[in-house]
Amino acid sequence: MERKERQAKIERVMIVAKRQKAEALAVARQLGRLVERTGRKALFDPETARLLRVRPARGSRSAPPDLYVVVGGDGTLLSVARSIPGSPRPILGVNLGGLGFLTETGPENAASVLAEVLEGRYVPERRMRLAVTLVRSRRTVLRQQVLNDVVINKSALARMVELRLAIDRTVVTTYRADGLIASTPTGSTAYSLSAGGPIIHPDMEALLITPICPHTLTMRPLVVPAGSRVEVSLRTGDSEVYMTLDGQVGHPLKKGDRVRIARSGTPALMVRSRRRNYFEVLRHKLRWGGR
């Protein structure tokens, strides 16, 4: 069942392109011209504006964009989703290669899909995010929100690590493994899927915990209620262990560190074209039914 979302009128569109791709910049320029032709305001983030040689969007004193268009891949979209201040704003992703579960629209139909979105003909989806807190010696050293996942794992040459898992203050188990992944349903098709975790429909609200190469084969992925409060404690101190957020932001961990994970109060708002549903995306991206 699709969620009904009140769709605000779109007047200001922020366009963000993957910096390293010339094709992304070309598509961003094309979409910016389309936005301007409809009488709306096309904005560009500072780096995209510099590469396109146009004026960048002003600072926080100006009105926030009504829509974000991200041209590149899932990594670029995840970065934008973490950076949006205040209340959620819809994000339309345009994929330029790779798997692209979040950026499902291709460059060949990006203009027509954007035109539909500007007219209000799109399906908005609220995607659960995670609020992550790193506590060290009773002091909070990091707070961050993520759309995909939190990964705690060792460096390439480190030994197996011990991670104690507690849910709602109840100790569940201690993993001896290469690491642990806590992901949203959106993130279930990312690293967790490669580690043997299940695919969870993004309309669901749940928290997925997947061990990475556990020493005990009976340790299987867990799916727990979205309202659960998860705490992962690092029990070993002879290994280089890192926490990585959405595969992009890394932070070293020390013995005794506690990573607290809970559902964020502010979800991400994704734009999906009416032309395709989630299962069509899965069939296409994972090549289900192919030989």
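Every chain's residues receive numbers from 1 upward, in the order its sequence appears when written. Owing to the predicted nature of the model, reporting of local features is limited to residues with pLDDT of at least 70; listing and counting of side-chain atom pairs is limited to 80 or more, with chain, interface and lining totals taken over all residues. Side-chain numbers here rest on the full set of heavy atoms in the structure, without hydrogens or water.

What follows covers the overall build of the protein chain. Runs of H or I in DSSP of at least four residues are treated as helices and runs of E of at least two as strands, each being numbered from the N terminus. Each helix and strand counted, the protein chain has six helices and 18 strands in total. Based on the C-alpha atoms only, the size of the protein chain along its principal axes is roughly 60 × 45 × 35 Å. Out of the 291 residues belonging to the protein chain, those deemed buried represent 49%. Every residue pair with non-hydrogen atoms within 4.5 Å of one another is taken to be in contact. Taking the contacts inside the protein chain whose residues are at least 6 apart along the sequence as the reference set, 68% of them involve residues at least 24 apart. Total accessible area on the protein chain stands at roughly 15,000 Å², and carbon and sulfur atoms take up 48% of it. Put simply, the protein chain has 49 plus and 26 minus side-chain charges, and the middle of one group is 4 Å from the middle of the other. Exposure is judged per residue with a 1.4 Å probe applied to protein chains only, and the accessible area is read against the type maximum: over 50% gives exposed, under 20% gives buried, and values in between give partly exposed. Only the protein chains shown count as cover for residues, and the accessible areas themselves come from Shrake-Rupley with a 1.4 Å probe. In this count, Lys and Arg are taken as positive residues and Asp and Glu as negative ones, while His and the chain termini are left out. Where a charge lies is defined by one atom per residue type, namely NZ (Lys), CZ (Arg), CG (Asp) and CD (Glu).

Below, the discussion takes up the sheet that holds strand E2 (residues 41–44). Across a sheet, paired strands are connected by hydrogen bonds in the backbone, their directions being either parallel or antiparallel. When DSSP finds two or more bridges between two strands, those strands count as paired. One open sheet accounts for six strands, arranged E2-E1-E3-E4-E18-E5; its pairing is mixed. The open sheet terminates on both sides in strands that have one partner only, identified here as E2 and strand E5 (123–127). Each adjacent strand pair in this sheet contributes to an overall mean axis angle of 30 degrees, direction not counted. Pairing of strand E1 (residues 12–17) with strand E3 (residues 67–72), which is carried by five bridges, proceeds in the parallel orientation. Bridging from a neighbouring strand, Ala17 pairs with Val71 of E3. A fitted line through C-alpha atoms represents every axis, and for helices the fit uses only the stretch in contact; the resulting angles, taken between N-to-C directions, go from 0 to 180 degrees. Against the sheet, helix H3 (residues 74–83) engages E1, E3, strand E4 (90–95) and strand E18 (268–272), with an angle of about 150 degrees to E3.

Our focus in this paragraph is unusual backbone geometry. Phi is positive for Arg138, which is not a glycine, with a value near 65 degrees. Within the secondary structure, Arg138 is located in the loop between strand E6 (130–136) and strand E7 (139–146). Not every positive phi belongs to a glycine, and Cys213 is a case in point at roughly 45 degrees. Mapped onto the elements, Cys213 comes out in the loop between strand E12 (206–212) and strand E13 (222–225). Residue classification places Cys213 among the exposed positions, given a relative accessible area of 54%.

Any Lys or Arg side-chain nitrogen found within 4 Å of a carboxyl oxygen on Asp or Glu counts as a salt bridge. Counted by the stated rule, this structure contains 10 salt bridges. The salt bridge involving Asp246 is made with Arg82; its shortest N-O contact spans 3.4 Å. Placement of the pair is Asp246 in the loop between strand E15 (241–245) and strand E16 (249–253) and Arg82 in helix H3, with a sequence separation of 164 residues. Across this residue pair, the class does not change: Asp246 and Arg82 are buried. With its nearest N and O atoms 2.6 Å apart, the salt bridge here joins Arg263 to Glu205. Of this pair, Arg263 sits in strand E17 (residues 258–263) while Glu205 sits in the loop between helix H5 (191–194) and E12; the two residues are 58 residues apart in sequence, bridging distant segments of the chain.

If you walk across this open sheet you meet the six strands as E13-E12-E11-E8-E15-E16, and the pairing is antiparallel. Taken across any chain shown, the strands that pair with only one partner, and hence form the sheet edges, are E13 and E16. Between one strand axis and the next, the sheet turns through 20 degrees on average, direction left out of account. Judged from the five bridges that link them, strand E11 (residues 179–183) and E12 form a sheet pairing that is antiparallel. Across the sheet, residue Leu180 finds its bridge partner in E12, namely Pro211.

Let us now look at the confidence of the model for the protein chain. In the predicted model, the protein chain carries a mean pLDDT of 88, and 91% of its residues have values of at least 70. Per-residue confidence from the predictor is reported as pLDDT, a score between 0 and 100. A low-confidence stretch, residues 1–6 (pLDDT under 50), is modelled with 10 contacts involving residues beyond four sequence positions or located in other chains.

For any two helices packed against each other, the geometry comes down to the angle between their axes and how far apart the axes lie. For the pair helix H1 (residues 22–37) and helix H4 (residues 110–118), interaxial distance at closest approach is 10 Å and the crossing angle is 35 degrees. Crossing of H1 against H4: the hand is right-handed. On the side of H1, the interface is formed by Gln30, Leu31, Leu34 and Val35, while H4 contributes Ala110, Ala111, Leu114 and Leu118. Residues were grouped as follows: Ala, Val, Leu, Ile, Met, Phe, Trp, Tyr, Cys and Pro as nonpolar; Asp, Glu, Lys and Arg as charged; and all remaining residues, including Gly, as polar. Looking at the contact of H1 with H4, its residues break down into seven nonpolar, one polar and no charged. For any helix crossing, the convention is left-handed if the near helix is rotated counterclockwise from the far helix by under a right angle, and right-handed if that rotation is clockwise.

It is worth spelling out empty space enclosed by the protein at this point. In this approach, a probe sized like a water molecule rolls over the atoms, and the result shows the empty space that is left. Using only the protein atoms, space was sampled on a 1 Å grid; points where a 1.4 Å probe fits but cannot get out form cavities, open sets with protein on both sides within 12 Å along at least five of seven lines form pockets, and lining residues are those with an atom within 4 Å of a point. Grid points are joined across faces, edges and corners, and a volume is the space filled by probe spheres set on the points. In this structure the tally under the stated criterion is five cavities of 30 Å³ or more. Of the volumes computed, that of the largest cavity is approximately 80 Å³. Surrounding the largest cavity, Ala81, Ile84, Gly86, Ser87, Pro88, Arg89, Ile91, Arg129, Thr266, Pro267, Ala268 and Leu269 form its lining. When grouped by side-chain class, the residues that make up the lining of the largest cavity number seven nonpolar, three polar and two charged.

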